[in-house]
Amino acid sequence: MYLFSSFSEEKLCPLRASIDVLEGEYFFLCYLESMQEDFQEEAYTVNWYKENAGKQQLIKETDRIVSQMNFLEFWPAELSDSGNYSVTHSNGKQNFTIQKWTLNVLERNKSSCFNKNHLTTEIKNAGTGHSLKCSDLSVNENDSITWYKDCKNYENETERELDFKTLTVQHSGIYTCKILISHEGKIYHSTNTIKLVVEEDAPEAGTLEIVGHNEEIETEIGKEEILNCTGFLGYYMREDASLYWLINQKFPEKCTGIPENEPSICEEELKKLKLGNKFYVTTLLWIKKVTDEDMHRNFTCMLQADERTQMKIVKLKKGNTRDLPVHIFTTGMALAVLFPCVAVAVVFACVMFRVDLVLFYRSICRRDDTAGDGKEYDAFVSYLKNCISPTEEEREFALKILPMILEENFGYKLCIFERDVSPGGAVVDDIHSFIDKSRRLIIILSQNYISDQAIYELESGLHKALVERKTKIILIEYMPISDYSFLPESLSLLPSKRVVKWKKEKSLPVNSRFWKNLRYLMPAKPTKINTKGHYNNLHVGSEGAEPRTEGCDFNVVV
């Protein structure tokens with residue numbers, strides 16, 4: 001039974017790499033026929049594979065699992081179907097992998113009509129109109145459709161879309177659409193569950209978008225490049241959001257976390273994060289050494305959520321190089337004039353691009369300033385705030401974003417007081433001890449920075465940094481500060497070049513000027529691509545263990 005037509009194929013076959021489905025339901029994997037354009041001129045066969053014990057095993061058709069060209073159908077899906085799938089085209093000489101998926105078959109909740117891990121959330125304003133859409137797994141008009149609200153039949157609705165002319169708070173609830181599909185004399189079903197939240201004054205949904213525009217990056221053959229793609233999801237986390245890279249419409253390999261075993265180009269795991277009340281997803285594409293072939297590739301970042309797709313294309317191009325003078329008739333006077341001009345230009349370039357030059361030098365020479373210095377941490381991070389008016393954005397920046405980038409992407413080890421110091425010790429002694437063990441002291445500044453209870457500990461840390469010269473200080477200006485009178489006088493002794501300014505979304509990409517300046521001030525250390533770091537499984541917005549706090553007398557967080 002073939003349920004699909006070409007007009008619906010693009011909508012039915014999203015390019016997401018990881019898919020969740022409930023056990024006992026009809027489901028399929030498929031790829032766009034446009035992805036097989038390279039094979040139109042020759043005969044080929046389509047083969048579907050499932051990974052078993054690390055090896056690709058050809059899928060044999062049964063009454064339950066049926067392959068129909070670019071579709072692999074499950075009548076129905078079972079828990080044992082979970083795993084990694086791929087589809088290949090073979091011309092008799094070579095196999096070409098067209099697409100890969102990870103299928104997660106979730107156990108059905110026997111006491112409910114839905115699984116809480118398999119639903120999407122939509123937040124809307126009261127007083128507006130809205131429609132909930134049923135699953136697109138079937139396009140047959142004769143299929144029977146039933147809507148449920150909180151697992152109870154909802155007003156005998158049988159249409160594919162559930163329309164609300166004017167939403168009220170009472171419309172909030174969990175809606176499940178159930179489609180009955182007939183196949184070879186048996187009835188199967190597929191469900192789609194949506195959690196609708198109607199608020200009197202809900203935040204704007206926000207536009208799904210990729211941060212930044214299509215761009216061309218200047219680079220050189222043999223140089224390492226890290227391409228960043230960040231997607232803005234809006235003001236709530238979309239569970240179905242998918243962000244991934246394609247290289248000439250093909251999926252890259254995944255990074256393993258072991259630098260010496262990494263492929264030439266690999267994609268890191270997707271990370272979710274929250275900045276204030278905004279939600280983002282981000283992923284990196286790591287190119288070990290740029291080749292001439294890479295200069296002719298399209299690196300495409302795809303963002304999918306709520307049946308919408310955004311795209312960003314990144315291309316690499318060779319940097320402009322200036323030919324050296326080839327005329328040999330240049331007189332001594334011309335050389336005398338040219339030499340100082342060149343010297344001035346070189347000095348100017350070194351001053352303007354010193355950060356990029358230093359980072360490039362560290363990367364090439366694998367310089368390590370931390371070896372054998374007896375220090376345990378690369379930086380101690382101080383984040384003090386007034387307990388009467390805490391700022392959640394600053395806390396999330398310190399606790400999640402800062403360590404996620406520095407520890408996971410660049411291999412630094414931070415001392416986070418609430419994370420790394422065991423409860424029960426003397427706070428002042430702990431502060432002194434851990435600053436002594438750190439190569440840098442990072443202070444996150446804002447108008448809420450100083451509290452009377454913590455001034456003694458802060459001054460002690462500054463004494464070790466400015467007087468004893470054992471530790472260097474880095475200031476992160478999290479929010480613009482017009483009046484510095486609230487800061488300790490001793491901070492005025494710090495050179496202005498050791499102040500790094502955070503500019504919200506503009507500073508978010510890992511290759512932004514903010515992270516380059518921060519790395520420049522950190523000790524030189526060989527970069528390690530690490531996808532298994534401390535915050536690799538960060539799920540922003542989910543409840544989890546909160547860091548240790550001991551009242552409001554002292555708050556140091558990272």
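Each value, and the rule that gives it
Residues numbered from 1 in each chain as written. Predicted model: local features only at pLDDT ≥ 70, side-chain atom pairs only at ≥ 80, totals over all residues. Heavy atoms only, no water. Helix = DSSP H or I, 4+ residues; strand = E, 2+ residues; numbered from the N terminus. Expected span 1.5 Å × (residues − 1). Bend = angle between axes of the 7 residues up to and from the residue. Buried < 20%, exposed > 50% of the residue type's maximum accessible area, 1.4 Å probe, protein only. Disulfide = S-S within 2.5 Å. Salt bridge = Lys/Arg side-chain N within 4 Å of Asp/Glu carboxyl O. 1 Å grid on protein atoms, 1.4 Å probe; cavity = no way out; pocket = protein on both sides within 12 Å on 5 of 7 lines; lining within 4 Å. Points joined across faces, edges and corners; volume = space filled by probe spheres on them. Axes fitted to C-alpha atoms, helices over the stretch in contact; angles between N-to-C directions. Parallel < 35°, antiparallel > 145°, perpendicular 65-115°, else oblique. Left-handed = near helix turned anticlockwise from the far one by under 90°. Contact = heavy atoms within 4.5 Å. Nonpolar A, V, L, I, M, F, W, Y, C, P; charged D, E, K, R; others polar. Arc of directions from axis to C-beta.

Chemist: Break down helix H4 (residues 392-410) for me, with residues and values.
Modeler: Between its terminal C-alpha atoms H4 stretches 26 Å, which fits the 27 Å expected from 19 residues at 1.5 Å a residue. The largest bend in H4 comes to about 35 degrees, at Ala398. Most of H4 sits inside the fold, with 16 of its 19 residues counted as buried. Directly beyond the C-terminal end of H4, a positive phi value near 70 degrees is found at Gly411.

Chemist: So, the state of the cysteines: which residues are in play, and what are the values?
Modeler: A full pass over the atoms with the stated rule returns 4 disulfides. A sulfur-sulfur separation of 2.2 Å characterises the disulfide bridge that pairs Cys113 with Cys151. Here Cys113 and Cys151 share a disulfide; its torsion about the S-S bond, -90 degrees, makes the bridge left-handed. Taken as a pair, Cys113 in the loop between strand E8 (95-106) and strand E9 (120-125) and Cys151 in the loop between strand E11 (144-149) and strand E12 (152-153) lie far apart in primary sequence, 38 residues in all. With its sulfur 1.6 Å from that of its partner, Cys134 forms a disulfide with Cys177. On the S-S bond that ties Cys134 to Cys177, the torsion sits near -75 degrees, and the link is left-handed. Of this pair, Cys134 sits in the loop between strand E10 (130-133) and E11 while Cys177 sits in strand E14 (residues 173-183), and the two are 43 residues apart along the sequence. Each member of the pair Cys134 and Cys177 is classed as buried.

Chemist: Go over the pattern of salt bridges with me, naming the residues and quoting the values.
Modeler: Applying the stated criterion across every chain, the model contains 20 salt bridges. The residue Glu376 makes a salt bridge to Lys413 at a minimum N-O spacing of 3.9 Å. Residue Glu376 is located in the loop between helix H3 (354-365) and strand E26 (379-382), and its partner Lys413 is located in the loop between H4 and strand E27 (414-415); the two are separated by 37 residues in the primary sequence. Classification of Lys413 by relative accessible area gives partly exposed; the value is 38%. Taken together, the shared-partner salt bridges connect Asp373, Asp378, Arg439 and Lys525 into one network.

Chemist: Describe the layout of surface pockets, listing the residues and the values that go with them.
Modeler: There is about 1500 Å³ of room inside the second largest pocket. Those elements giving two or more residues to the lining of the second largest pocket turn out to be strand E17 (215-219), strand E18 (225-234), strand E25 (308-318), H3 and helix H8 (513-521). Ranked by residue count, the leading element in the lining of the second largest pocket is H3, at 7 residues.

Chemist: I'd like a description of the packing of H4 against H8, backed by residues and values.
Modeler: Taken N-terminus to C-terminus, the directions of H4 and H8 make an angle of 70 degrees; their axes are 12 Å apart at the nearest point. Relative to H8, H4 is oriented roughly perpendicular. Here H4 runs over H8; the crossing is right-handed. Seen from H4, the contacting residues are Phe397, Ile401, Leu402, Ile405, Leu406 and Phe410; seen from H8, they are Phe514, Trp515, Leu518 and Arg519. Across the contact of H4 with H8, the residue classes break down as 9 nonpolar, no polar and 1 charged.

Chemist: An account of H3 is requested, with residue identities and associated values reported.
Modeler: Under the 1.5 Å per step criterion, the end-to-end length of H3 is 16 Å for 12 residues, consistent within 8% with the ideal 16 Å. Every buried residue of H3 is listed here: Val355, Leu359 and Arg362. The buried residues of H3 occupy one face: seen down the axis, they fall within an arc of 60 degrees. Tucked into the core, H3 has its buried residues touching H8.

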